[in-house]
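For reference, the chains in residue letters:
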Amino acid sequence: MDNVTPLGGDVYEIDTRMAGYSGITAGYLILGDRPCLVETGTSTSAPIVRDALTSLGVGPDDLATVVVTHIHLDHAGGVGDIAGLYPSAEIVVHEKGARHLADPSRLMASARMVWGDKLDTLFGSLTPTEAARIRALGDTGSVDLGGGRMLSSHYSPGHAKHHVGLLDSATGDLYVGDAAGVYLPETGDLRPATPPPDFDLQTALDSVALFGALGPQRLLFSHYGPVADVVTTLERSADELRVWVDLTRQAHSEGMDLDHAVAMVREKTRERYTALASENDETSERFEMLSGAPSNVAGIMHWLDNAKPDGA
């Protein structure tokens, strides 16, 4: 299939075709003794993910585990649908997200407030997963991939309080979710993902530092794809966080409202990203959808308003 890319080590990248786009959100299949899907994509992507798994020889009773790095709808919106299609699969998530997969009503209500009518087009609806099938992870945990291979989970809540990174013992691949930001393979751009309400600068920097300390061989971004230059990429991730926070703090201290703050930060960061060189380019549109300046600035503003940081 043209949306399945082998990455070596029995790992396959699946383009979930979020909202009909290519290169928005990746799921990953680890095809071992106990096949494991990392990230489901959105609810509307579930048939696409199912077809990809079928093409790789994974039938309805073959999938052992579904793991999500966190419960935002672009990563986990399809959990309920995938759980229904693969009745033998255990669903694994951090303990702070588990109840929302069992009862998505609050999560969907808050998403509806943010996205309005766009919600149905972008994400669809997260359907409930039977609570007995959900395994909640603590700050560390593991997933058995079979044959002595493990995915170890590492709590990394800078982006969201229910976020984990996942390290593959066989390949050294680290599934970074959104905690290292959003990567655009066509241009090499990297931008932070700092949406409300959970962003905290020090926690975010600590999560990036933790990823470095794990010594991964490769980073697998949910947005989007594999990156082999681990050290430089994580350094860029931390730098981007500081740049966006410094600029938003400046706007905040000048009393700007959100719209003016977004305009200022967008203008002052524009030259950092090759993808934004053309206003009409689809690559630019995708980049903005993945890590929109309004969402990022709103998350940092929320943190500034509530944490009253001292500028450290």
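Residues numbered from 1 in each chain as written. Predicted model: local features only at pLDDT ≥ 70, side-chain atom pairs only at ≥ 80, totals over all residues. Heavy atoms only, no water.

1. A word on the nonpolar core
Note on soluble globular proteins: their nonpolar side chains tend to be buried together.
Phase 1 of the analysis: Membership of the largest hydrophobic core comes to 41 residues, with the highest contact counts inside it found for Phe199, Leu219 and Phe221.
Phase 2 of the analysis: Elements with a minimum of two residues in this core: strand S11 (173–177), strand S12 (182–184), helix H7 (201–213), strand S14 (218–221), helix H8 (230–253), helix H9 (258–269) and helix H11 (293–307).
Phase 3 of the analysis: No other element matches the eight residues that H8 contributes to this core.
Phase 4 of the analysis: Those residues in contact with Leu219 that sit more than four places away from it in its chain are Leu174, Val176, Gly225, Pro226, Val227, Val230, Thr233 and Leu234.
Phase 5 of the analysis: Among the nonpolar cores identified, the runner-up in size contains 37 residues, and Val68, Ala76, Ala89 and Phe123 belong to it. (Core = buried A, V, L, I, M, F, W, Y, C linked by side-chain atoms within 4.5 Å. Buried < 20%, exposed > 50% of the residue type's maximum accessible area, 1.4 Å probe, protein only. Helix = DSSP H or I, 4+ residues; strand = E, 2+ residues; numbered from the N terminus. Contact = heavy atoms within 4.5 Å.)

2. Things to note about the sheet that holds strand S9 (residues 149–155)
Strand pairing in a sheet relies on backbone hydrogen bonds, with the paired strands running either antiparallel or parallel.
Phase 1 of the analysis: Reading across the sheet, the six strands line up as S8-S9-S10-S11-S14-S15 and stay open at both edges, with mixed pairing between neighbours. Only two strands of the sheet have a single partner each, and these edge strands are strand S8 (140–146) and strand S15 (225–227). Taken over all neighbouring pairs, the strand axes of this sheet differ in orientation by 25° on average, direction set aside.
Phase 2 of the analysis: In this structure, strand S10 (residues 164–168) lies alongside S11, joined through two bridges in antiparallel fashion. Paired with Leu166 across the two strands is Tyr175, which belongs to S11. (Pairing = 2+ DSSP bridges. Axes fitted to C-alpha atoms, helices over the stretch in contact; angles between N-to-C directions.)

3. Description of the pairing of strand S2 (residues 11–15)
Phase 1 of the analysis: In terms of residue burial, S2 counts as a mostly covered element, since five of its five residues are buried.
Phase 2 of the analysis: With burial as the criterion, each face of S2 is covered, one bearing Val11, Glu13 and Asp15 and the other bearing Tyr12 and Ile14.
Phase 3 of the analysis: With four bridges joining them, strand S1 (residues 4–8) and S2 adopt antiparallel strand pairing. For Gly8, the partnering residue across the bridge sits in S2 and is Val11.

4. Considering unusual backbone geometry
Phase 1 of the analysis: Geometrically, the link from Pro196 to Pro197 is a cis peptide bond, its omega value of 5° lying close to zero.
Phase 2 of the analysis: Relative to the helices and strands, Pro197 is located in the loop between strand S13 (189–191) and H7.
Phase 3 of the analysis: Between His223 and the following residue, Tyr224, the backbone shows a cis peptide bond with an omega angle of -10°.
Phase 4 of the analysis: Its location among the elements puts Tyr224 in the loop between S14 and S15.

That is the geometry; function is a separate question.
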